[in-house]
Structure formats: C-alpha cells, structure tokens
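# Inside the fold
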Amino acid sequence: MTKLKFVHQNKELDSGVTLIQDVSSKNAPLKYAGVKLLQLQKGAVYSEKLGKTEVCVVALSGKVTVKEGDNQFENIGTRESVFDKKPTDSVYISNDHDYQVTAKSDVAEIALCYAPSNKQLPTKLITAADNTIEHRGNHSIKRYVQNILPEDNPAANSLLIVEVYTDGGNFSSYPPHRHDHDNLPEESSLEEIYLHKITPKQGFVFHRVYTDDRSLDETMSVENNDVVVVPKGYHPVGVPDGYNSYYLNVMAGPVRIWRFHNDPDHEWIWDRK
Ligand SMILES: O=C[C@H](O)[C@@H](O)[C@H](O)CC(=O)O
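A quick note: this is a predicted structure, and the numbers were derived from the prediction, not measured.

Reading the values: rules and limits
Residues numbered from 1 in each chain as written. Predicted model: local features only at pLDDT ≥ 70, side-chain atom pairs only at ≥ 80, totals over all residues. Heavy atoms only, no water. Pairing = 2+ DSSP bridges. Helix = DSSP H or I, 4+ residues; strand = E, 2+ residues; numbered from the N terminus. Core = buried A, V, L, I, M, F, W, Y, C linked by side-chain atoms within 4.5 Å. Buried < 20%, exposed > 50% of the residue type's maximum accessible area, 1.4 Å probe, protein only. Contact = heavy atoms within 4.5 Å. Phe/Tyr/Trp six-rings, centres within 6.5 Å; stacked < 30°, edge-to-face > 60°. Near = heavy atom within 4 Å. Polar contact = N/O pair within 3.5 Å; in protein donor to acceptor, adjacent residues only side chain to side chain. Areas by Shrake-Rupley, 256 points an atom, 1.4 Å probe, with all protein chains shown as cover. Salt bridge = Lys/Arg side-chain N within 4 Å of Asp/Glu carboxyl O.

### As for the pairing of strand β10 (residues 98-103)
Here strand β5 (residues 45-49) pairs with β10 via 5 bridges, running antiparallel. Note that in β10 the partner of Glu48 across the bridge is Tyr99. For strand β7 (residues 64-68) and β10, the ladder comprises 4 bridges, and the chain directions are antiparallel. When the bridges of β10 are listed, Lys67 appears paired with Gln100.

### Description of the nonpolar core
Counting 53 residues, the largest nonpolar core has Cys56, Cys113, Leu149, Leu159 and Val229 as the members making the most contacts within it. At 6 residues, strand β25 (residues 244-252) tops the list of elements feeding residues into this core. Residues contacting Val229, with those up to four places away along its chain left out, are Lys3, Leu4, Phe6, Val23, Ala28, Pro29, Leu30, Glu192, Ile193 and Val209. Val57, Val101, Ile110 and Tyr114 belong to the second-largest nonpolar core, a separate cluster that totals 23 residues.

### Details of the packing of aromatic side chains
Following the criterion strictly, the structure yields 9 aromatic pairs and no others. Note on Tyr210 and Tyr234: the rings are 5.0 Å apart at their centroids and 35° apart in plane angle, and the pair reads as tilted. One end of the pair, Tyr210, is in strand β21 (residues 204-210); the other, Tyr234, is in the loop between β23 (227-230) and β24 (237-238), and 24 residues separate them in sequence. For the pair Tyr210 and Tyr234, one class covers both residues: buried. The structure contains a cluster of three or more aromatic residues connected by ring pairs, namely Phe83, Tyr144, Tyr165 and Tyr246.

### Topic: the site of the ligand
In the vicinity of the ligand lie 15 residues, with Arg136, Arg143, Ser173, Glu192 and Asn249 positioned nearest. Contacts to the ligand include Ser173, whose backbone N or O atom sits 2.7 Å from an oxygen atom. Here an oxygen atom of the ligand and a side-chain polar atom of Tyr194 are 2.9 Å apart. Burial of the ligand by the surrounding chains reaches 98%, relative to a free accessible area of 320 Å². Of all elements in the fold, only β15 (160-166), β20 (191-199) and β25 reach the threshold of two or more residues within the shell around the ligand.

### Here's the deal with the side chain of His235
Tracing the chain through its elements places His235 in the loop between β23 and β24. Since its relative accessible area comes to 1%, His235 is described here as buried. At a separation of 3.0 Å, a polar atom in the side chain of His235 contacts the side chain of Glu192. Here Gly233 takes part through its backbone oxygen, which lies 2.8 Å from a polar atom of the side chain of His235.

### Comments concerning the sheet that holds β15
The strand order β1-β23-β20-β25-β15-β14-β13 describes an open sheet built from 7 strands, whose pairing is antiparallel. A strand with exactly one partner marks an edge of an open sheet, and here the two such strands are β1 (5-6) and β13 (132-136).

### A short note on the pairing of β25
Among the 9 residues in β25, 8 count as buried, and that is most of the element. Here β20 runs beside β25; their pairing, made up of 9 bridges, is antiparallel. Each bridged residue has a counterpart across the sheet, and for Ile193 the counterpart in β25 is Val250.

### A look at the pattern of salt bridges
On inspection of all chains with the given rule, the structure shows 12 salt bridges. When the shortest N-O distance is used, the salt bridge between Lys52 and Asp96 registers 2.6 Å. Of the two residues, Lys52 is situated in the loop between β5 and β6 (53-61) and Asp96 in the loop between β9 (90-93) and β10; the sequence distance between them amounts to 44 residues. In this structure Lys52 comes out as partly exposed when scored by relative accessible area, which is 48%. Between Glu187 and Arg178 there is a salt bridge whose closest N-O contact spans 2.8 Å. In this structure, Glu187 and Arg178 share a single accessibility class: buried. Residues joined in a network through salt bridges with shared partners are Arg178, Asp180, Glu187 and Asp212.

Pasting the structure below:
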C-alpha cells in the first residue's frame, strides 16, 4: 500500500519554531512538489537556504515578515485563521536564495510550498488582492476557491498554489478528476499535495485517491493539519455535515499547466441542472 496520508507532528525545530508537517520526495511518493507547515511564536525566526528549488511562503494565519536579500516584506498576512475565509499574502522566492521568516504576531502559521526551479525569477509579494476568486459547483459540490499562484500568474517556474473551502455536506475536487498524463493540450501531468484543515478541529473529511485501473485506490479519513499526497489518480474530497474543510493545494510537474481529465463515469455530475 502506498503511503499517501501524513499525520501532523509537533517537532520543535528551534526556539519558537514548531514543524507540523514536512512532506517531500524524501518521505513521500513525489518527484516535484513539497510542503512544510510551521507554527512560529512571536519573534521566532525560520531560515532556509534554497538550492534548485523555489518556495512560496503562504501566511496562513497571523503576521510574519519575510526577508530575502534586499527584499523585506513586513507584517504580511491578513487573517487570524484560514477559516476567516479570505485571501492572504504570500511571498514567492526562486532557487538559490536564502530567506528568513520572522513571526510578528503572537502566533503565526506559514505554509512553505516547494517545487523545482532552475531559473531565478524576481522575489515577489503576492498580496491578498492579487488572489483570484472562484465559486465552483452547485447542488452539493459547491466550493470557494482562492487562487494564490494560478498558471496565468507567471511569477513561478513550477509552482501552482490554490486554497479551497468546502462547507459540510459538500464534495470538492469532484466530480473526480486526474492530471497525471503528460498529454497536453488534453491533460497535464501534475502531482498534488493537500494540506487539510477542518473546523471544528476535531472533525475529519474523506479523501479518496484512485486510478482508472484501481491499482491505486485509497480512501482515507483525514484530520486537521494532515497532508494527503496525490502522485497520480482521481482525488475527490467529501466533507461531513457539521464541519467545514479548508485545503491548500500545491501542484507541480514537468510543465506548469493545469489541465485535468474528469473520470468519465462521473462527468455527468457537472451536467445536472
Ligand atoms: O486539481 C486541483 C485540485 O484537485 C483542487 O484544487 C480542485 O480543483 C478544487 C476543486 O475544484 O474542488
């Protein structure tokens, strides 16, 4: 059985810096994407030296200052919780840079989203206002999407990043789709990471990852701060009534294009009136 779910941890990295998730090709069936979830106490500093990797620092909650070379972005972040359900600020940093993140609020949570990068691009603040918003779906497949780094934003070499909110009783990433065939223009090959958050925090959601031939077919119950990786296959999410779901998606692959293929068995779901 392929390990697709990574349960949250609480590992003290440094004074005031707690590592909750660290998922990458080193410990998961991934070749491109990676994610870290960190919680920082006020004044705590997380530093990193990038190789041939780009990173997008997403200010999930609280406020942080991000410094890279001569670039300093002070007090970024717009929300106390991801469930404030509004866009936040992020900073894109490409390969071979050193950067530091310092917490400015009592507690700050950041997601570090990684993908391969060989061409240095400008370090860039992606403000909340730069996010594009979508309301997708109908019936019981309604979700609200905040695009942080969609493919029409040329700021990154490989990264595609989006936040998705799904209220209880709804499915998202549904009808099921895949993007695991390098077959443009019909379909692109992107692996994907889901960083899940749920409110109230004792909740869970169902996440299935399966392939057409069912050689991979895992249905998982996923809890707050768990990560699910999607190396290939369809990947629908179901949210029990009474709870609301948030997930941060990190996608990356050979080409920075998002073209998905719906599971033919369930594509009719989109056509309902
Ligand atoms: O491929 C993208 C991911 O599966 C999600 O971001 C999905 O598109 C979100 C949704 O449309 O429900």
